[in-house]
Amino acid sequence: MLTPRFKLSQDENHLFINVHAPYTNIGETEIDVDGENFLFVSSPYFLRLRLPGRIVENDHSKGSYTCDSGDFNLVFDKENPGEHFENLDMITSLLAPRDIPDINPHLVEMLEEDGINTNCSDKENESDDDNVKYNYGFASKISAEFSDIGSEFPQVFELRMPERVAVHERNILRVQHENDKFSSDHYLADLFDDELLEPYITGTVYWNRPDFNNDIEFVDEEVGILKELPNKHYLLSKNEYKQVLLGLVDILYAYCYDKRTTLNESTVESSWTINKLSSTLSWFCVFKDIKQVLIACYRRALIYPIFRNFELCRKVKEDLVLMFRKGKKFIIKCLINIYSMFNSSNDARYILNQLYIKDYLIFLQKCRSEELNELCNNIANIDILKKDVDLELEELEAAAEMVKKEETEIMENEMAVKMASMSLLPGLKKNNVYIESSEDDSDSSDSSYDSSDDSSEELDSDDDPS
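Conventions and cut-offs
- Residues numbered from 1 in each chain as written.
- Predicted model: local features only at pLDDT ≥ 70, side-chain atom pairs only at ≥ 80, totals over all residues.
- Heavy atoms only, no water.
- UniProt positions renumbered as here; feature names shortened; annotations may be inferred.
- Core = buried A, V, L, I, M, F, W, Y, C linked by side-chain atoms within 4.5 Å.
- Buried < 20%, exposed > 50% of the residue type's maximum accessible area, 1.4 Å probe, protein only.
- Contact = heavy atoms within 4.5 Å.
- Phe/Tyr/Trp six-rings, centres within 6.5 Å; stacked < 30°, edge-to-face > 60°.
- Helix = DSSP H or I, 4+ residues; strand = E, 2+ residues; numbered from the N terminus.
- Axes fitted to C-alpha atoms, helices over the stretch in contact; angles between N-to-C directions.
- Parallel < 35°, antiparallel > 145°, perpendicular 65-115°, else oblique.
- Left-handed = near helix turned anticlockwise from the far one by under 90°.
- Nonpolar A, V, L, I, M, F, W, Y, C, P; charged D, E, K, R; others polar.
- Patch = residues over 30% accessible without salt bridge, like charges linked within 9 Å, V, L, I, M, F, W, Y side chains within 5 Å.
- Areas by Shrake-Rupley, 256 points an atom, 1.4 Å probe, with all protein chains shown as cover.
- Salt bridge = Lys/Arg side-chain N within 4 Å of Asp/Glu carboxyl O.
- Lys, Arg positive; Asp, Glu negative; His and termini not counted.
- Charge placed at Lys NZ, Arg CZ, Asp CG, Glu CD.
- pLDDT = per-residue confidence, 0-100.
- 1 Å grid on protein atoms, 1.4 Å probe; cavity = no way out; pocket = protein on both sides within 12 Å on 5 of 7 lines; lining within 4 Å.
- Points joined across faces, edges and corners; volume = space filled by probe spheres on them.

- Looking up the protein in an unreviewed UniProt entry gives the name Protein SHQ1 homolog, with the organism given as Parnassius mnemosyne.
- Per its UniProt entry, the protein bears the Sequence similarities (unreviewed entry) comment "Belongs to the SHQ1 family."

**Focus on the nonpolar core**
A general trend in soluble globular proteins is that nonpolar side chains are found buried together.
Now for step 1: Core analysis: the largest hydrophobic core is formed by 122 residues, its most contacted members being Phe38, Phe324 and Phe363.
Now for step 2: Look past the residues within four positions of Phe38 in its chain and what remains in contact with it is Ile17, Ile31, Asp32, Val33, Leu47, Arg48, Leu49, Leu51, Leu74 and Phe76.

**Section: the packing of aromatic side chains**
Now for step 1: Under the defined criterion, the tally for this structure stands at 22 aromatic pairs.
Now for step 2: Look at Phe138 and Tyr360: their rings are 5.0 Å apart centre to centre, the planes differ by 90°, and that puts the pair in the edge-to-face class. One end of the pair, Phe138, is in the loop between α2 (122–131) and α3 (149–152); the other, Tyr360, is in helix α14 (residues 350–366), with 222 residues separating them in the sequence. For the residue pair Phe138 and Tyr360, the accessibility class agrees, reading buried in each case.
Now for step 3: Members of the aromatic cluster, joined through ring pairs, are Tyr136, Phe153, Phe157, Phe284 and Tyr350.

**Some words on the packing of helix α4 (residues 167–181) against helix α11 (residues 290–301)**
Now for step 1: At a minimum axis distance of 11 Å, the contact between α4 and α11 shows a crossing angle of 25°. Relative to α11, α4 is oriented roughly parallel. Of the two possible hands of crossing, α4 and α11 adopt the one that is left-handed. In this structure, α4 uses Asn171, Arg174, Val175, Glu178 and Asn179 to contact α11, whose residues at the interface are Gln292, Ala296, Arg299 and Arg300.
Now for step 2: Residues belonging to the contact of α4 with α11 are distributed by class as follows: two nonpolar, three polar and four charged.

**Regarding a nonpolar patch on the surface**
Now for step 1: On the surface, Met415, Met419 and Met422 cluster together into a nonpolar patch covering about 330 Å² of accessible area.
Now for step 2: With respect to the element layout, Met419 can be found in helix α16 (residues 393–437).

**A short note on a negative patch on the surface**
Now for step 1: Residues Glu30, Asp32, Asp34 and Glu57 make up a contiguous surface patch of negative charge.
Now for step 2: Note that Glu57 resides in the loop between β4 (45–56) and β5 (62–66).

**Quick notes on the confidence of the model for the protein**
Now for step 1: Taken as a whole, the protein shows an average pLDDT of 85; of its residues, 82% reach a score of 70 or greater.
Now for step 2: Of the regions scoring below 50 in pLDDT, residues 122–128 engages in eight contacts with residues more than four places distant in sequence or in other chains.
Now for step 3: Note on residues 429–466: pLDDT is under 50 here. Beyond four places in sequence and across chains, it has 14 contacts.

**Focus: the packing of helix α8 (residues 238–261) against α11**
Now for step 1: For the pair α8 and α11, interaxial distance at closest approach is 10 Å and the crossing angle is 30°. When the interaxial angle is binned, α8 and α11 end up roughly parallel. The chirality of how α8 crosses α11 is right-handed. Residues Leu246, Val249, Asp250, Tyr253 and Tyr257 of α8 form the contact with α11, whose participating residues are Ile290, Val293, Leu294, Cys297, Tyr298 and Ala301.
Now for step 2: Grouping the constituent residues of the contact of α8 with α11 by class yields ten nonpolar, no polar and one charged.

**Considerations on empty space enclosed by the protein**
Now for step 1: In the structure shown here, the tally under the stated rule is two cavities of 30 Å³ or more.
Now for step 2: The calculated volume of the largest cavity comes to roughly 110 Å³.
Now for step 3: Together, 14 residues line the largest cavity, and Gly137, Ala139, Gln243, Cys285 and Val286 are the ones closest to its centre.
Now for step 4: Within the residue set of the lining of the largest cavity, elements represented by two or more residues are α8 and α14.
Now for step 5: Of all the elements, α8 adds the most residues to the lining of the largest cavity, at three residues.
Now for step 6: Here the lining of the largest cavity is built from residues that sort into nine nonpolar, five polar and no charged.

Next comes the structure, spelled out in structure tokens:
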């Protein structure tokens, strides 16, 4: 059975349900309403929703079918007139959970209506840390689904054997690897090439443009992706919940970098950029706080991509803050964009969707907007300095400025020598003219010429020819 595309809207007293089912047989269509449960069955389509509020099927209920578009348009009364139904545009969270095996089976457990349950017990957190010592994936819930995944996908993962490297060691190994990869020459070249970097530093990401439509809606392709996701319910410790949010920051920073450096026109290399700049996606890393994850983002943006500039890193962080301020729905749209990039990548990056992005898409639909707003404020309130990234940027820049100053002084000295030599030439020409016009004074002229030549030989770069 197929899950049809659907869309929900409301007014004060009614719920409107649109179901797109173009290949159905109207005579075999069944629609049932029971409080918060809605069922639509019409071969080959099956749709079962759990609504955020209760509706009733009565004499006022209406329905119609448009043959040209294949749309069912249904209207039902709210059981409590005036009640506002939350999150009607969170497509996946409305779907009734299905018991379908998935790559992350530990996450399929119904616990609360909002789909996320956090456990704050310190003892359970400690035992949880022991259990996930070598785990990876969303919320570090995957342990045995793959063997040598890093070696199987070497173009995707820098850490070859996450199942043999403890979580707390991954950041240490990542930093060591990044230090070996850092190119001071590339960094300094981008630092002094203002003309090259100017369009990307002064540019504006599309969600910060004046013409950006803040009334965000999912397009049909996005709805098509969301409706195919399983409606999981998450059991996360407090520590895991925090790590999931920090991983989200890590991934979206890489997405913002790509959008800024491609001037909002993602390329075939965009999936590589996002994959490479994210420590979560390339090293299976987890983070403890906002500053740690931002430092990791800055470091990788200064080491791997084509444009490596600290001011550019700051601009990307500002873009990230603006993205979060657009709200949960826009963040989901950006993740859907990443999901599509990875699925169409020639380097098997679809595996990142299975390990991380699919679960993030489900998780965000259940996450409270207040938590994302708090995360946004924490990002905005932290300023990463050059010394924080531990790449000796300040020392490199100071050394480069010193060399630049020395080269400037050498050039100025060379120019002074040339100017000193050139200032003698007009006098020589005048003497030659005088010699031709007066034969009687030829001896004195020759003597004068010899004297000039001798004085020229005695000059050095520090003499004043005047």
